[in-house]
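Read off the chains here:
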Amino acid sequence: MQKISFSLLALLFLLPNAHAKDVVAQQAGVEYARQEVERVEAEIQSEQQALTEAEKVLAQRVKAVELQKKQVAEIKKKLEHAQKNLLAARAKHENAQTVLDRAWRQ
């Protein structure tokens, strides 16, 4: 009987101690999980800021591209006008040259 009571006493003594160790381990696990949540939240915030900045830069670049497209269109119009002027000037030159050539022949 003494053996049983000693074993029972030892078990009762160790059982709360084992339970306390479990609670400490659980507390440590909860703390680790809380730190992980904070780390991931900070990472998400950082990535969100990076995304916002990238979208801002993209919007600026899109605006710049649209402006350049307008400038290209304007330059093309000016080029077409200049080419028409060149054709007209060449035609006038050829006509004037023809008139001059006839004057020299006579």
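Our subject is the structure that appears above.
Being a predicted model, the structure only gives us computed values, none of them experimental.

Draft legend 1. Layout of the overall build of the protein chain. When you go through the protein chain residue by residue, the secondary structure sums to one helix and zero strands. Looking at the protein chain as a whole, 0% of its 106 residues are labelled buried. Counting every atom, the protein chain has about 10300 Å² of accessible surface; 63% of that belongs to carbon and sulfur.

Draft legend 2. Looking closely at the pattern of salt bridges. Enumeration according to the criterion identifies five salt bridges in this entry. For Arg39, the salt bridge goes to Glu36, with nearest N and O atoms at 2.6 Å. Taken together, the positions of Arg39 and Glu36, both in helix 1 (residues 2-105) and three residues apart, correspond to about one turn of that helix. Given a relative accessible area of 45%, Arg39 falls into the partly exposed group. Assessed through its relative accessible area of 29%, Glu36 is described here as partly exposed. The network of salt bridges with shared partners includes Glu31, Arg34 and Glu38.

Rules behind the numbers
Within each chain, residues carry numbers counting from 1 in the order of the written sequence. For a predicted model such as this one, the threshold for reporting local features is a pLDDT of at least 70, and the threshold for listing and counting side-chain atom pairs is 80 or more; totals across whole chains, interfaces and linings nevertheless cover every residue. The basis for every side-chain value is the complete set of heavy atoms in the structure, and neither hydrogens nor water enter the calculation. In this text, helices come from DSSP runs of H or I with a minimum length of four residues, and strands from runs of E with a minimum of two, each type numbered from the N-terminal end. Burial classes: relative accessible area under 20% of the type maximum marks a residue as buried, over 50% as exposed, and values in between as partly exposed (1.4 Å probe, protein chains only). Accessible areas in this description were obtained via Shrake-Rupley with a 1.4 Å probe; residue shielding takes into account the shown protein chains only. Salt bridge, as used here, is a side-chain nitrogen of Lys or Arg placed within 4 Å of a carboxyl oxygen of Asp or Glu.

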